[in-house]
Amino acid sequence: AQSVTQLDSQVPVFEEAPVELRCNYSSSVSVYLFWYVQYPNQGLQLLLKYLSGSTLVKGINGFEAEFNKSQTSFHLRKPSVHISDTAEYFCAVQDNPGNQFYFGTGTSLTVIP
Amino acid sequence: DAGITQSPRHKVTETGTPVTLRCHQTENHRYMYWYRQDPGHGLRLIHYSYGVKDTDKGEVSDGYSVSRSKTEDFLLTLESATSSQTSVYFCATTGALNYGYTFGSGTRLTVV
């Protein structure tokens, strides 16, 4: 089974500041990597995904993530956050299409005005 | 997501009673999953299905059962609800060649 570690459970950041949410996974074999966002009282929405190719992946709402195979990491970044980015962010790993996901425990991002 | 609906959205039930949660999809996806979400644990897989009448256990399956008699419906049953099953339950689906899940909006279950 895969293991996904999100190193920060809570990240407060001031509006318009940059942010990085960290994610590490356990497996060295080929995996597919995802970031999901969950706004209060809602389901999870896909932010971005890495399947293959360029290691820098761009997603919705100005977020991007970089796949680093040697460090088994997939950190999420945004150069300038907005109040509306306040949400819970989940990193997830899938080893084959159709297979189950393994989720990290989540990072709560709070953007401070 | 409009293609997946969960019902009910909220439920309060008493300890010891059976409870059934429903997930309905219009995506014609083969794979369906039930997760529970708890603070500090992220999402944990309860049960999943690879097709009609084809189900298997996830990491936290004790006290839960599932059924899938039609492609579009995946039912989660708590045989005898306990307070430890108070949680938010999410259904997810994916196709055989799809990467990534589509999630339902969740069911908030409180067992008192």
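Read on for an overview of the structure. Note that the coordinates shown come from a computational prediction; the quantities given were computed from them, not determined experimentally.

About the cut-offs
Residues numbered from 1 in each chain as written. Chains lettered and ligands numbered in written order. Predicted model: local features only at pLDDT ≥ 70, side-chain atom pairs only at ≥ 80, totals over all residues. Heavy atoms only, no water. Contact = heavy atoms within 4.5 Å. Buried area = accessible area lost by both parts, 1.4 Å probe. Polar contact = N/O pair within 3.5 Å; in protein donor to acceptor, adjacent residues only side chain to side chain. Helix = DSSP H or I, 4+ residues; strand = E, 2+ residues; numbered from the N terminus. Nonpolar A, V, L, I, M, F, W, Y, C, P; charged D, E, K, R; others polar. Disulfide = S-S within 2.5 Å. Buried < 20%, exposed > 50% of the residue type's maximum accessible area, 1.4 Å probe, protein only. Phe/Tyr/Trp six-rings, centres within 6.5 Å; stacked < 30°, edge-to-face > 60°. Salt bridge = Lys/Arg side-chain N within 4 Å of Asp/Glu carboxyl O.

Opposite the 25 residues of chain B that make contact, chain A presents 20 residues. Together chain B and chain A conceal approximately 1,600 Å² of surface at their shared face, both sides included; 57% is due to carbon and sulfur atoms. One can count 4 residue pairs in polar contact (both at pLDDT 80 or more) joining chain B with chain A. At the level of elements, β4 (31–38), β5 (42–51) and β9 (87–94) of chain B are the ones that each hand at least two residues to the side of chain B that touches chain A. Ranked by residues supplied to the side of chain B that touches chain A, first place goes to β5 of chain B with 5 residues. Here the residues of the side of chain B that touches chain A are counted per class, giving 13 nonpolar, 10 polar and 2 charged.

Glancing now at the state of the cysteines. Residue and element names in this part refer to chain A. Enumeration over the complete set of coordinates arrives at 2 disulfides over all chains. Residue Cys23 pairs covalently with Cys91 via a disulfide, S to S 1.9 Å. In this structure the cystine formed by Cys23 and Cys91 twists about its S-S bond by roughly -70 degrees; its chirality is therefore left-handed. Of the two residues, Cys23 sits in the loop between β3 (19–21) and β4 (24–25) while Cys91 sits in strand β10 (residues 87–94), which places them 68 residues apart along the sequence. Its relative accessible area of 0% is what places Cys91 among the buried residues.

Scanning all chains against the criterion turns up 20 aromatic pairs over all chains. A ring pair is formed by Phe90 of chain B and Phe103 of chain B, whose centres lie 6.5 Å apart and whose planes are at 90 degrees; its orientation type is edge-to-face. On the criterion of sequence distance, the pair formed by Phe90 of chain B in strand β9 and Phe103 of chain B in strand β10 (residues 102–103) is long-range, its members being 13 residues apart. As far as the burial class goes, Phe90 of chain B and Phe103 of chain B line up, both buried. Ring geometry for Tyr101 of chain B against Phe103 of chain B: centres 5.6 Å apart, planes inclined by 70 degrees, an arrangement best described as edge-to-face. In this structure Tyr101 of chain B comes out as buried when scored by relative accessible area, which is 6%. By the ring-pair criterion, three or more aromatic residues cluster together here, those being Phe34, Tyr36, Phe101 and Phe103 of chain A together with Tyr31, Tyr33, Tyr35, Tyr48, Tyr50, Phe90, Tyr101 and Phe103 of chain B.

Before going further, it helps to spend a moment on the pattern of salt bridges. Residues and elements named next belong to chain A. Applying the stated criterion to the full structure yields 9 salt bridges over all chains. The salt bridge involving Lys78 is made with Asp85; its shortest N-O contact spans 2.8 Å. On the basis of relative accessibility, which here comes to 6%, the residue Lys78 falls in the buried class. A single salt-bridge network, built from bridges that share partners, covers Glu20, Glu66 and Arg77.

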